[in-house]
Structures are given as structure tokens and as C-alpha cells.
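Given next are the chains, with one letter for each unit.
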Amino acid sequence: MPPPASTSPGRSRITRRLGCLAWLLMPFVLLWALAKTPEWINDFELARMADRVKAYPRPPGTTFGDFGPQTKVRGGDSGDCRYTIRFGLDVDLPVEQVLNHYRQAKIEDPDGQLGDYEVWAWAVVDEPGGEAAEDSAPSSLIIDLDGTLNGGLDLRCM
């Protein structure tokens, strides 16, 4: 007497169909990964630069703020990507002194060049109509390092 159909050896019909579906989807998954690879490479290089920024000696009297370095990539022109690395500092110094410190820094950018970026600072000095003097030091700053990197085939840069 043959065994019942439910206990027959071999793969079930659902397993075979899922296997066929996986083989059919494989080229699309590989194409997607191939298209995303330049983006992943640029993100990796920016993360390395953010680590170099964090390791660079801060100006005296400053500490890192509430958040670590954040990176952002956006389209540029002629295949270049514009990037921003943003981090917060708690400071006891005037804004210009902090800006000069980072403008003179020679931190390697993702393309391997030293100091090829612009430095900006954002500060909240006081509420509108407050009594703070314009030359007083704010308690915290947001520092932006803006530059360009060769986008290659990164779709965000086209």
C-alpha cells in the first residue's frame, strides 16, 4: 500500500513555487544592488570624514553637543555631490574663534584633499528682543562643513 499523499517525500508545491519566484527576482535584486553601490561607497567615505572631524582636536573650552556628526548628500553639478557634515558644540568662545579653528583645520575630505570645504556656524544667541549683546558667546553652536565630492554613478548626484 503506498503512503498517503501528504507524507510523500520531496518538496511541497509551495516550496517549489517560492524557489522559482526567488530565481525570477534575483536579476532585479542584483540590478538594485548594483545601482546602490556608488551611494553606499559615498556614504562610507562621508562617515569616515565625520569620524576624522570628531577625532580632530576641538577648540579649548568646547565639548560636543547633544548629537554626533550627521551627514547629508544632495545633487551638485556636472556629476559632483554636495555634502554637509553637521555637528553640535557646546562653547564658551565667540563664534568667530570657533569658525577660525575649523577653517584652519586640514581634515581630509572624501576625495582625499585637505581642507577642501566651507565652514558655517548656526547659533541661537537670544530670543528676539532679548538683552544679549551681539559679541557675546552663545552656549551652543551647530557647525556645518560643506563641500563637494566626486559623485561617480551615485544617483543622488545626477
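Structure shown above.
Note that the structure is predicted; figures quoted are calculated from it, not measured. (Residues numbered from 1 in each chain as written. Predicted model: local features only at pLDDT ≥ 70, side-chain atom pairs only at ≥ 80, totals over all residues. Heavy atoms only, no water.)

For the rest of this paragraph, the subject is the overall build of the protein. Along the backbone of the protein there are two helices and five strands. Starting at the N terminus and walking to the C terminus, you meet the elements of the protein as α-β-β-β-α-β-β. Put simply, the protein has 158 residues, and 25% of those count as buried. Considering only contacts in the protein between residues 6 or more positions apart, those separated by 24 or more positions represent 67%. Entry remark: accessible area of the protein is about 10800 Å², with carbon and sulfur atoms responsible for 59%. (Helix = DSSP H or I, 4+ residues; strand = E, 2+ residues; numbered from the N terminus. Buried < 20%, exposed > 50% of the residue type's maximum accessible area, 1.4 Å probe, protein only. Contact = heavy atoms within 4.5 Å. Areas by Shrake-Rupley, 256 points an atom, 1.4 Å probe, with all protein chains shown as cover.)

Here the focus is a positive patch on the surface. Residues Arg11, Arg13, Arg16 and Arg17 make up a contiguous surface patch of positive charge. Residue position: Arg13 is located in helix 1 (residues 13-55). (Patch = residues over 30% accessible without salt bridge, like charges linked within 9 Å, V, L, I, M, F, W, Y side chains within 5 Å. Salt bridge = Lys/Arg side-chain N within 4 Å of Asp/Glu carboxyl O. Lys, Arg positive; Asp, Glu negative; His and termini not counted. Charge placed at Lys NZ, Arg CZ, Asp CG, Glu CD.)

The largest bend in helix 1 amounts to roughly 35° and is located at Leu25, with the proline Pro27 lying one to four residues further along. Elements in contact with the buried residues of helix 1: strand 1 (62-64), strand 2 (70-75), strand 3 (80-91) and strand 5 (140-150). (Bend = angle between axes of the 7 residues up to and from the residue.)

Membership of the largest hydrophobic core comes to 25 residues, with the highest contact counts inside it found for Phe87, Leu89, Val98, Tyr117, Ile143 and Leu145. Broken down by secondary-structure element, the contributors of at least two residues to this core are helix 1, strand 3, helix 2 (95-103) and strand 5. Among the elements that line this core, the one with the most residues is strand 3, at six residues. Excluding anything up to four places from it in sequence, Leu89 contacts Arg58, Thr63, Phe64, Gly65, Val98, Tyr102, Ser139, Ser140, Leu141 and Ile143. (Core = buried A, V, L, I, M, F, W, Y, C linked by side-chain atoms within 4.5 Å.)

Using the criterion set out here, one finds one disulfide in the structure. The partner cysteine of Cys81 in its disulfide is Cys157, sulfur to sulfur 1.4 Å. One disulfide, between Cys81 and Cys157, carries an S-S torsion of 75° and so falls in the right-handed class. Placement of the pair is Cys81 in strand 3 and Cys157 in the segment after strand 5, with a sequence separation of 76 residues. Residue Cys81 shares its accessibility class with Cys157, and that shared class is buried. (Disulfide = S-S within 2.5 Å.)

For the rest of this paragraph, the subject is a nonpolar patch on the surface. Among the surface-exposed residues, Ile14, Leu18, Leu21, Leu25, Phe28 and Val29 lie close enough to one another that they form a single nonpolar patch of about 620 Å² accessible area. If you trace the backbone, Leu25 turns up in helix 1.

With that settled, the discussion passes to the packing of aromatic side chains. In the structure shown here, the tally under the stated rule is four aromatic pairs. Ring centres 6.4 Å apart and planes at 50° place the aromatic pair Tyr56 and Tyr102 in the tilted group. In this pair, Tyr56 is assigned in the loop between helix 1 and strand 1 and Tyr102 in helix 2, connecting sequence segments 46 residues apart. Judged by its relative accessible area of 25%, Tyr56 is partly exposed. Plain terms: the ring middles of Phe64 and Phe87 are 5.9 Å apart, the flat faces sit at 65° to each other, and that makes the pair edge-to-face. (Phe/Tyr/Trp six-rings, centres within 6.5 Å; stacked < 30°, edge-to-face > 60°.)

Our focus in this paragraph is the environment of Val119. As for its placement among the helices and strands, Val119 is situated in strand 4 (residues 118-123). Sequence-wise, Val119 and His101 are 18 residues apart; in three dimensions their C-alpha atoms are separated by 9.9 Å. In this structure Val119 touches Leu99, Tyr102, Arg103, Ile143, Asp144 and Leu145, once residues within four positions along its chain are discounted.

Time to look at helix 2. Listed in full, the buried residues belonging to helix 2 are Val98, Leu99 and Tyr102. One face of helix 2 carries all of its buried residues, which in axial projection span an arc of 100°. Where helix 2 is buried, its residues touch strand 3, strand 4 and strand 5. (Arc of directions from axis to C-beta.)

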